[in-house]
Amino acid sequence: MANAPIADLSYRGYDGPLESPTQRWWVIAKTNVRRTFKNKWYWVATITSGWYYLLMMIIVYFVELAAESNPRQQGPFALATFMKRVIWVDQFVHGLSWAQIMIFVVTLIAGAGVIANDNRANALLVYLSRPCSKFDYVIGKFIGVFLPILLTVALPSLVYFLYGALSYRAYGFLSNDPWMIVKILLVCPLIAAFYSALIIGVSSLFNQGRMAGAAFAGLYFLTNFFTQMMVIAWQASTRVSRGVFRAEEGNPLAAKLYYASVDGTMIGTTKAIMNTDGSPYFGLPSPVAMIPAPPLVPMLLISGIVTFLSLWLAWSRIRAVEVVK
Amino acid sequence: MPVADIRGLTVRYGSFTALDNFSAVIPEGCVGLLGPNGAGKTTLIKTLLGFVTPASGSGIVMGLDAFRDGPKLRQRIGFMPEQDCHIPGMTAVGFVAYAGELAGMPSAQALRRAHEVLEYCGLGEARYRNVETYSTGMKQKIKLAQALVHGPRLLLLDEPTNGLDPRGREEMLKLIRSISHGKDVNVLVSSHLLPDIERTCDQILLVYQGRLREQGMIEDLKRLAGLPVDVQLREVSDAFLREVTIRGMTFLGMVGSTTYRLQAPVTLEESAARVFDAARSAEAQIRGFEKAERTLEEAFLEAVHG
């Protein structure tokens, strides 16, 4: 009796409820989301991704402060002059463009090991021996990466929109483009889906999260380097006229190839959906013209094809048994 | 009602035929799937789970069509794979609860049940450790725990004692024996290790080169035709041999230094009466008397090589 364990160690059958064997993907997605949310670096990257908006708020705050202390001020930083230069929809294009590097970091955190680590640990045997199909697995993993990235993309933009709607209405924040919020709500899931699919596809090719992360980083930075070369080529091809680069005279091929990268595709899609070429950062005076927005339909097609192909790659790589032919 | 009824199952990997027109009725209880490496045991299990699409054949498992009702069927089956497998970065309790949720258990129930099965499998003390830090023996146990968490009625165990030391093997065999007897769980144990099958199972399916070679109760398979008996004497006695021959018994040979294998076309009781009568007449001392059996290994080799 003295050696009897306190816990009941005997086996008992389970007679409790079992949910229908559909929508198992949600269990997989939920677990991935929970795991990403537990990572403090995810939150650091998410908050940091809104740095452009934060800086914009600070600049506007100081311009307003200066105007209060000196209502008759003149020059480029005079409130009226400054606010005339600010195109609100462009601030979201810039905010989302500058957030790309942090979205890339979050993509690595949320998705690099998502399938690669499962490959290493033979976890597919656990998943597929349950009422989970390949569809459940791929979609579950995709949604599990998509939701944290969506939060990173959308949270700063939505917070800034709310702040702008409350604070800058007098400066045309809402009247500049009444469809701005709809466009933001359309762009954010597109960016999140693109990055999620891409990392899922890359992750499925490896047996280690680190290797998948390195491959994705390689893809991102190599294409980004190409994009930066195109920026230089395009700016070199624009002619300076009274100190201002004129966009319409730039090399059109360089302008198109600028978008041929991971982040470039998303920046291009954002510009195309927002229907703007962009304007100088923070509404500050700048001689540099922005690279024109690409056409909407081809950008949507390219993003869609890359997303679909990445998911298909993951789908085709998932097997419960190694088939030797 | 049989656990599974498989008919004409053929599975090919390219040009290699892993299962060749395989047919079997798997009864309830603890059944051993016995065969050498590459016999097709794992392929059979993976085909029943829907991992592999067969070229032809049909399979009814737990009353469900194995190839059409896959998700429903997998909800009633627990699978312990041969390879190490776990969800990376999870504690044991998290992993087992997650496996339960994947099978359709509500999360609170899955967590409660995860604690229960981990205790049952002897991992209660280590349940909050990351599975990646587990020893091989513990990893085998957690594979069993994840297979049990949703209370399956059929448990498929693929080489459950792989890589275990003698103590770990002993513990695993005890667990399998315990779960498969009196718990309303049917167990199909795939192994190439005859002693493991003999210790845990009541019946076996002998698989070789993708075909079913033999099936039945282990006792029946070990039984020799004609009810021979093994008689162990204190010492070798020619007089005893003469006396049994006079009483119509045939001497089949020695199976030990002082053990005679004898056979007569009569019942076991009648054989015993003749043996004791002969021993009395020959003044030989009997140390043992038992029904003669072949080993499972002999039965296996005969089934495989004819």
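Quick caveat: nothing in here was measured; it's all calculated off a predicted structure.

## Brief notes about the overall build of chain A
Consideration 1: Regarding its fold elements, chain A presents 14 helices and two strands.
Consideration 2: The buried share of chain A, reckoned over its 325 residues, is 49%.
Consideration 3: Taking the contacts inside chain A whose residues are at least 6 apart along the sequence as the reference set, 79% of them involve residues at least 24 apart.
Consideration 4: By element, 67% of the accessible surface of chain A is carried by carbon and sulfur atoms, the whole surface being about 16,000 Å².

## Description of the overall build of chain B
Consideration 1: Along chain B, the regular secondary structure elements total eleven helices and 14 strands.
Consideration 2: By the burial criterion, 54% of the 306 residues in chain B qualify as buried.
Consideration 3: Chain B carries 35 positive and 37 negative side-chain charges, and their two centres are separated by 4 Å.

## Details of the packing of helix α5 (residues 88-98) of chain A against helix α9 (residues 134-167) of chain A
Residues and elements named next belong to chain A.
Consideration 1: Relative orientation of the contacting elements α5 and α9 amounts to 155°, with a least axis distance of 10 Å. Comparing their axes, α9 and α5 come out roughly antiparallel. The handedness of the crossing between α5 and α9 is right-handed. Each of W88, Q91, F92 and L96 in α5 lies in contact with α9, whose residues at this interface are V153, S157, Y160 and F161.
Consideration 2: Residue composition of the contact of α5 with α9, grouped by class: six nonpolar, two polar and no charged.

## Considering the sheet that holds strand β3 (residues 30-34) of chain B
Residues and elements named next belong to chain B.
Consideration 1: If you walk across this open sheet you meet the six strands as β6-β7-β8-β3-β9-β10, and the pairing is mixed. Here the strands that pair on one side only, and so sit at the sheet edges, are β6 (77-80) and β10 (211-217). Averaged over all adjacent pairs, the angle separating strand axes in this sheet is 15°, with direction ignored.
Consideration 2: Sheet topology places β3 next to strand β9 (residues 203-208); four bridges connect them, and they run parallel. In the sheet register, L34 faces β9, and the bridge partner there is L206.
Consideration 3: Together, β3, β9 and β10 form the strand contacts of helix α11 (residues 296-305), whose direction differs from that of β9 by roughly 40°.

## Regarding the confidence of the model for chain B
Parts of the model with low pLDDT should not have their predicted coordinates read in detail.
Residues and elements named next belong to chain B.
Consideration 1: Residue-level pLDDT values for chain B average 91, and 100% of them are 70 or greater.
Consideration 2: Element-level pLDDT for chain B is lowest in α11, with a mean of 79, against a maximum mean of 96 in helix α3 (residues 92-102).
Consideration 3: The ipTM value of the predicted complex is 0.84, and its pTM value is 0.86.

## Focus on the pattern of salt bridges
Consideration 1: Tallied over the full model, the rule gives 28 salt bridges over all chains.
Consideration 2: As a salt-bridge pair, E116(B) and R12(A) come within 4.0 Å of each other at their nearest N and O atoms. Residue E116(B) is found in helix α4 (residues 107-120), and its partner R12(A) is found in the segment before α1 (25-37); the two belong to separate chains.
Consideration 3: Given a relative accessible area of 37%, R12(A) falls into the partly exposed group.
Consideration 4: Between D196(B) and R169(B) there is a salt bridge; the shortest N-O distance is 2.5 Å. One end of the pair, D196(B), is in helix α7 (residues 194-200); the other, R169(B), is in helix α6 (residues 166-180), with 27 residues separating them in the sequence.
Consideration 5: D196(B) gets classed as buried once you look at its relative accessible area, which sits at 4%.
Consideration 6: It is possible to trace a salt-bridge network through shared partners that takes in R12(A), R112(B), R113(B) and E116(B).

## Structural notes on the interface of chain B and chain A
Consideration 1: Between chain B and chain A, the residue contacts involve 47 residues of the former and 37 residues of the latter.
Consideration 2: Taking both partners together, chain B and chain A bury about 3,700 Å²; carbon and sulfur atoms supply 60% of that area.
Consideration 3: In terms of surface lost to chain A, no three residues of chain B exceed F51(B), P88(B) and L102(B), which account for 17% of the buried area on that side.
Consideration 4: Here chain B and chain A share four salt bridges between them.
Consideration 5: The closest approach of N and O atoms between E132(B) and R120(A), which form a salt bridge, is 3.2 Å.

## A short note on empty space enclosed by the protein
Residue and element names in this part refer to chain B.
Consideration 1: On inspection of all chains with the given rule, the structure shows one cavity of 30 Å³ or more.
Consideration 2: Residue lining of the largest cavity: V3, I26, P27, G29, V31, L154, N186, V187 and L188, and that is the complete set.
Consideration 3: For the lining of the largest cavity, the leading source of residues is strand β8 (residues 186-191), giving three residues.

## Quick look at a nonpolar patch on the surface
Residues and elements named next belong to chain A.
Consideration 1: Nonpolar side chains collect at one region of the surface, where F135, L296, V297, L300, L301, I305, F308, L309, W312 and W315 lie side by side and expose about 1,000 Å² of accessible area between them.
Consideration 2: Looking at which element gives the most residues to the nonpolar patch, the answer is helix α14 (residues 296-317), with nine residues.
Consideration 3: Here L309 shows up in helix α14.
Consideration 4: Of the residues examined, L309 reaches a relative accessible area of 46% and is grouped as partly exposed.

## Here's the deal with the sheet that holds strand β4 (residues 56-61) of chain B
All names here are of chain B.
Consideration 1: Across the sheet, which stays open at both edges, the four strands sit in the order β2-β1-β4-β5 with antiparallel pairing between neighbours. Of all strands in the sheet, those bounded by a partner on one side alone are β2 (16-26) and β5 (64-65).
Consideration 2: Each of β1 (4-13), β2 and β4 is contacted by helix α1 (residues 41-48), which is oriented at about 110° to β1, the strand it contacts most.

Basis of the calculations
- The numbering scheme is per chain: residues are counted from 1 as the chain's sequence reads.
- Note on labels: chains are lettered from A, ligands numbered from 1, in written order.
- The predicted nature of this model means local features are confined to residues of pLDDT at least 70 and side-chain atom pairs, given and counted, to a pLDDT of 80 or more, with totals for whole chains, interfaces and linings taken over all residues.
- Just so you know, side-chain values use all the structure's heavy atoms and leave hydrogens and water out.
- The numbering of helices and of strands both runs from the N terminus, where a helix is a DSSP run of H or I of at least 4 residues and a strand a run of E of at least 2.
- Residue exposure (1.4 Å probe, protein chains only): buried if accessible area is under 20% of the type maximum, exposed if over 50%, otherwise partly exposed.
- The contact criterion used is simple: two residues touch if any of their non-hydrogen atoms lie within 4.5 Å.
- In short, Shrake-Rupley with a 1.4 Å probe defines the accessible areas, and a residue's cover is counted only from the protein chains shown.
- A residue counts as positive if it is Lys or Arg and as negative if it is Asp or Glu; His and the chain ends are not included.
- Here the site of a charge means NZ on Lys, CZ on Arg, CG on Asp, or CD on Glu.
- Orientation is described by lines fitted to C-alpha atoms, with helices fitted over the stretch in contact, and by angles between N-to-C directions that extend from 0 to 180 degrees.
- Each angle receives one of four descriptions, namely roughly parallel if under 35 degrees, roughly antiparallel if over 145, roughly perpendicular if within 65 to 115, and oblique otherwise.
- For any helix crossing, the convention is left-handed if the near helix is rotated counterclockwise from the far helix by under a right angle, and right-handed if that rotation is clockwise.
- Under the scheme applied here, ten amino acids are nonpolar (Ala, Val, Leu, Ile, Met, Phe, Trp, Tyr, Cys and Pro), four are charged (Asp, Glu, Lys and Arg), and all others, including Gly, are polar.
- We call two strands paired when DSSP finds no fewer than two bridges between them.
- pLDDT expresses how confident the predictor is about each individual residue, on a scale running from 0 to 100.
- Salt bridge, as applied in this entry: a Lys or Arg side-chain nitrogen positioned within 4 Å of an Asp or Glu carboxyl oxygen.
- By buried area we mean how much accessible surface two parts lose on assembly, using a 1.4 Å probe and totalling the loss over both.
- Lining residues are defined by having an atom within 4 Å of a point belonging to a cavity or pocket. Those points lie on a 1 Å grid over the protein atoms alone, cavities being sets where a 1.4 Å probe fits but cannot get out and pockets being open sets with protein on both sides within 12 Å along at least five of seven lines.
- Grid points are joined across faces, edges and corners, and a volume is the space filled by probe spheres set on the points.
- Surface patches are defined over residues having more than 30% relative accessible area and no salt bridge, joining like charges when they lie within 9 Å and nonpolar side chains (Val, Leu, Ile, Met, Phe, Trp, Tyr) when within 5 Å.

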